[in-house]
Each structure stands twice: as structure tokens, then as C-alpha cells.
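One-letter residues, chain by chain:
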Amino acid sequence: MGSATSKMAASSSAGRVLTLCKQFQNVFRISSATNARQGAVSSAKCQTSLLREKSPIVTPSWSNPISSPGQYRALHTTISRRGLEEFFDSPENWGEANVKSGAPWTAKQLRTKSNEDLHKLWYVLLKEKNMLLTLEQEAKGQRVQMPSPERLRKVERSMIRLETVAKERESALRLLQTGQEKGRPGAWRRNIFGYVYWYRFKEYAIPWYMNRRYKRKRFYTPKFVEPHIRLRIENYLRERARNENLKKRRLTKLQERFPQIKAPAS
Amino acid sequence: MRLTALLSMAARVIVPKDYRYGTNRPWTAAAKRLNPPGKRRRKVFVEPIAPEEWSVLKGDTVEIRKGNDKGKQGKVIQVFRRRNWVILEGLNTHHRYIGKTADYRGTYIASEAPILVRDVALVDPSDRKPTEVEWRFTEEGERVRVSLRTGRIIPKPVVERRDGIVPQQWKDGPKDTSPEDALEKTYIPSLKTLEEEVMEKLGIQENRRHRTSYWY
């Protein structure tokens, strides 16, 4: 048993991550709010000291007088109802100088998870991040080093990767269904300084011909700006020539001192 | 300026183009003392070694070819890519006083000086003699260093992780996912966006109609 775990540990050495307590892993598989409530009853063996309030399933008609299920839902969809304690670490970690934590989630691992799992993981990571930020702020207030600040960086990296994966999936679907690469509409426009750039559209309630502030933005170059554009181009060419000469001079000097250098392609 | 940009400016050290890199990291007080902002020093020419060609890694055993300690073998402690330097343990030393105060003369210690990578050669572990090294691919596709004299592969030195974790002896904490759960595949590709799928699973019904808006 020990060798099997160590082999698994060796093969997936990057697989240690932050998520809910192991006892709540069956909650991960539960999909809808109603199922979560039934799940709380079935997983009664998992009830630890964390479940202080009574289970909400006991008298549903009394606790939840609202009858239409589509419009009203309970705020919590998991069993854990710890309230403000979620902003703090578990009590055994209080006062310790080093709290060990596993590796962050990699994008490759996140790509194998379903959308629902990603959604749940995002909130788990968010709560962990809030807890770590509270800890950081309190440590600053008491002028003490925060224990294991790398946890915060790991959580942030995991969240960034999760967002990347979600964006990838969305953009793939969009490309397939509409052929558009970008989710937000835009256009190539020239501004008053003569620069052509990708102008990203904004959402407005009124059409453009009624929008006074938008009409004051000019997406063309006036005539008197053109001499300045020419001077700008000249400056740019001069600077480019200067940089290239500098590179050539540097390369010749290096070749004098280190004759074995081959001229690099770039 | 935005607060985050200002804070990140303070965190990261911006270094001028003709900065002379020394053995101290640029953000330390010693480096700031030796290279204050206005200081300009004679330019040092550093041979440009491509990152793919670099063969001396931290923790390797190398032999010195030139200098006072010629012929001696030592372990690489630190590598400075900016100046093509390596620092070996206990070799190429000079002695200096450290921790000097007004009345105390200080501790006399031996401190190592950096050596150029070209003046140093990797040692073949089979016959413990210096060799030239080339990067080649094995049949499995792994990129390894091969000694040109004997043809033997020189393995990468095992370096301890900065956080002190040994992956083989790791035990999961209460907040860590077990390897099976992390690698489990739950993704079923479908033509629904993340938002649509989650709304379906949670039973959220969006009955509000979108008001006409204009994008420009």
C-alpha cells in the first residue's frame, strides 16, 4: 500500500493541489442544489464538527416557505456552513511559521475537468485566496512575517490557469459556431495622431448618432497633422538605423575579443 | 499611476542597460552600494553563449583549466549566466576579513572568486577526467550531455528544491487533492458554454430579456 502511494506520488509529483477537505470530495460530484441537500443526508457519516447547524433537509416546508423552486435558492450549495471562519485558516495552523502546501493546479490537469468542476474549483480557490489575503494583511498590521507567502502565489497562478482554460473553451466554441476569433467586437481605426490601432467597441444604450461624447472623438487624421507624421517617421528611421549600427559595432567588438563567435542570425 | 503598478515597480528591480553584474543579486544592499544609480563603469564584454549550449549546471563536478587552482576538481555552487561565471566550492579562493567593527579586526575567511565558464571543464564521472561536452538526444527523446572523449552520458546533478520538498516523501495535507482526484477526467465536450452548463446543473433559469444595446 505504501509503495503504491509512493509510486503514485512519484508519477504525479505535480498533482498535489488545494481544494476542499477530503471528506467533502463526494460533494464535488454532486451537481444540483437539490441533490446537494439529499447528499448531505446520505453522507451523514462525513458530518464532523464543521456541520454545526442542523441539516436543512429536516423540515423543508418549514425552513423554506417559498414554493417556486426556479426563482429562489439557498445561498450555500455545499454542506460547509462555517461563516466568517472561512476567512481564517484551521486552528492548528495558527501561530506556525511554516505551513506546507502542495503544488498549484496546472493547465493540463484543469483541461481534463468538466465545466461544473472548474466552476466549483474557482470558488474554492477564491475562498482560499481571501483567507490568505486576510492573513497577509493581519501579518502586516502586527509587523510579523506572513507564514508561507508562496501559498498565495500558488493560488493566484491556479486561478489564472483556470481562467485561461475557460477562455480557451469559450473561444473554441465561438470559432466553431460563429467563425469569430474575438468575443468583443472592434475595428481597425485611425486616431487623430495618425496611428492605426484596434479600437474595441463599448456597449451603449443609445445609437452613435445620438451620442455627443462619441461624436467628439475623431477617427480620422486632420490635414495639419500630416507634416508631424512625416517628422515622426524620420525620427523612427533614424533611431532604427542607430540601433542597427550599434548592434553591428558591438558584434565586431565581440568578434575581436572572442574570435570563435559565429555571427548570429538575428 | 495605478496603485498596483506603483507597488510592482517597488517590488521589481529595474536595472540600466550598461549595468555591471557582480556576484551580488541586484536588489541586495551590497549590490546597491557597488552600483549606485548614476555610476558608469567600463564595459565588460561577455561572450554570448546560447542558452541551448550552456552545459555547466549547478551541482556539477568540474575541473579548473586555468588559474591558480589549475587541475583541481570542485562542485559548482552558483552560476552567473550574465557574466558566464561559476563559483566552485572552496576553490579559487582569496582571504578576507568579514564582520569588521571599530575594535574587532573581523573573522578571517576564505571566499571564492568566480571563474569563467570557458576556463572550466566538466568531469566525466566514469574516469574522473575533464572532457568536452555536447548536447545530444537519446533514443527516448531526452536531451542529455554526452562527453566527446568517452561517449558516456553525464547525468544532470540532483539539486534540492528551494522549498525543501522531496517529491517521493510528500504527504498530502488536508487541503491537498489526492493524485487520483487531480488526474481524474470529468470533462465531456459539448456544444454548451461554461455558463450554460453551470446554469443547467444549478437549475438557474434566466427569463429576463436582453435590452437593445449598441456596440460602437
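Conventions used here
Residues numbered from 1 in each chain as written. Chains lettered and ligands numbered in written order. Predicted model: local features only at pLDDT ≥ 70, side-chain atom pairs only at ≥ 80, totals over all residues. Heavy atoms only, no water. Helix = DSSP H or I, 4+ residues; strand = E, 2+ residues; numbered from the N terminus. Buried < 20%, exposed > 50% of the residue type's maximum accessible area, 1.4 Å probe, protein only. Lys, Arg positive; Asp, Glu negative; His and termini not counted. Salt bridge = Lys/Arg side-chain N within 4 Å of Asp/Glu carboxyl O. Polar contact = N/O pair within 3.5 Å; in protein donor to acceptor, adjacent residues only side chain to side chain. Contact = heavy atoms within 4.5 Å. Arc of directions from axis to C-beta. Phe/Tyr/Trp six-rings, centres within 6.5 Å; stacked < 30°, edge-to-face > 60°. Lys NZ or Arg CZ within 6 Å of the ring centre and 35° of its normal. Pairing = 2+ DSSP bridges. Buried area = accessible area lost by both parts, 1.4 Å probe. Nonpolar A, V, L, I, M, F, W, Y, C, P; charged D, E, K, R; others polar.

(A) Structural view of the side chain of K113(A). Mapped onto the elements of the fold, K113(A) is located in the loop between α5 (107-111) and α6 (115-141). Buried K113(A), no salt bridge; nearest opposite-charge side chain is E184(B), N-O distance 5.4 Å. A distance of 2.6 Å separates a polar atom in the side chain of K113(A) from the backbone oxygen of E184(B). Setting aside anything within four residues of it in sequence, one finds K113(A) in contact with W105(A), L118(A), R169(A), D181(B), A182(B), L183(B), E184(B), T186(B) and Y187(B).

(B) Inspection of the pattern of salt bridges at higher detail. Summed over all chains, the structure comprises 22 salt bridges over all chains. The partner of E234(A) in a salt bridge is R238(A), and the shortest N-O contact between them spans 3.9 Å. Within this pair, E234(A) and its partner R238(A) are both found in helix α9 (residues 226-257), separated by four residues, close to a single helical turn. A residue is classified by how much of its surface remains accessible, and E234(A), at 28% relative accessible area, is partly exposed. Owing to a relative accessible area of 51%, R238(A) belongs among the exposed residues under this scheme. Here E132(B) and R65(B) are joined by a salt bridge, their closest N and O atoms 2.9 Å apart. In this pair, E132(B) is assigned in the loop between β8 (130-131) and β9 (133-137) and R65(B) in the loop between β1 (61-64) and β2 (73-80), connecting sequence segments 67 residues apart.

(C) Here's a closer look at helix α4 (residues 194-202) of chain B. Along α4(B), the positions that sit buried rather than exposed are L194(B), E197(B), V198(B) and L202(B). One side of α4(B) holds all its buried residues, which, seen down the axis, span an arc of 125°. If you follow the buried residues of α4(B), they end up packed against α6 and α7 (150-177) of chain A. Following α4(B) by one or two positions, G203(B) has its phi on the positive side, about 75°.

(D) Seen up close, the packing of aromatic side chains. All chains considered together, the criterion is met by ten aromatic pairs over all chains. Consider the rings of Y97(B) and Y108(B), whose centres lie 4.9 Å apart with planes at 50°: the pair is tilted. With Y97(B) in strand β4 (residues 93-98) and Y108(B) in strand β5 (residues 107-112), this pair connects stretches of sequence that are eleven residues apart. Put simply, the rings of Y199(A), F201(A), Y204(A), Y214(A), F219(A) and Y216(B) touch in pairs and so form one group of aromatic residues. Over the aromatic face of W54(B) sits the side chain of R81(B), whose NZ or CZ is 4.5 Å from the ring centroid.

(E) Just the sheet that holds strand β6 (residues 115-116) of chain B, in detail. All names here are of chain B. Pairing is antiparallel across the open sheet formed by six strands, whose spatial order is β6-β3-β2-β1-β7-β8. Pairing within the sheet leaves two strands with one partner each, and these edge strands are β6 and β8. Relative to β2, β1 runs antiparallel, the two being bridged by three bridges. Bridge assignment links T61 to a residue of β2, and that residue is K75.

(F) Representation of the interface of chain B and chain A in the model. Chain B puts 42 residues into the contact, and the matching count from chain A is 59 residues. It is F45(B), K175(B) and Y216(B) in chain B that bury the most area against chain A; as a group they hold 20% of the surface buried on that side. Counting across the interface, chain B meets chain A through three salt bridges. When the shortest N-O distance is used, the salt bridge between E128(A) and K175(B) registers 3.1 Å. Where chain B meets chain A, there are 17 residue pairs in polar contact (both at pLDDT 80 or more). Listed by contribution, the elements that provide at least two residues to the side of chain B that touches chain A are β12 (176-177), α3 (179-183), α4 and β13 (214-215) of chain B. Residue composition of the side of chain B that touches chain A, grouped by class: 19 nonpolar, nine polar and 14 charged. Examined bridge by bridge, strand β4 (residues 203-204) of chain A and β13(B) share two bridges and lie antiparallel to one another. Pairing of E203(A) across the sheet is with W215(B), part of β13(B).

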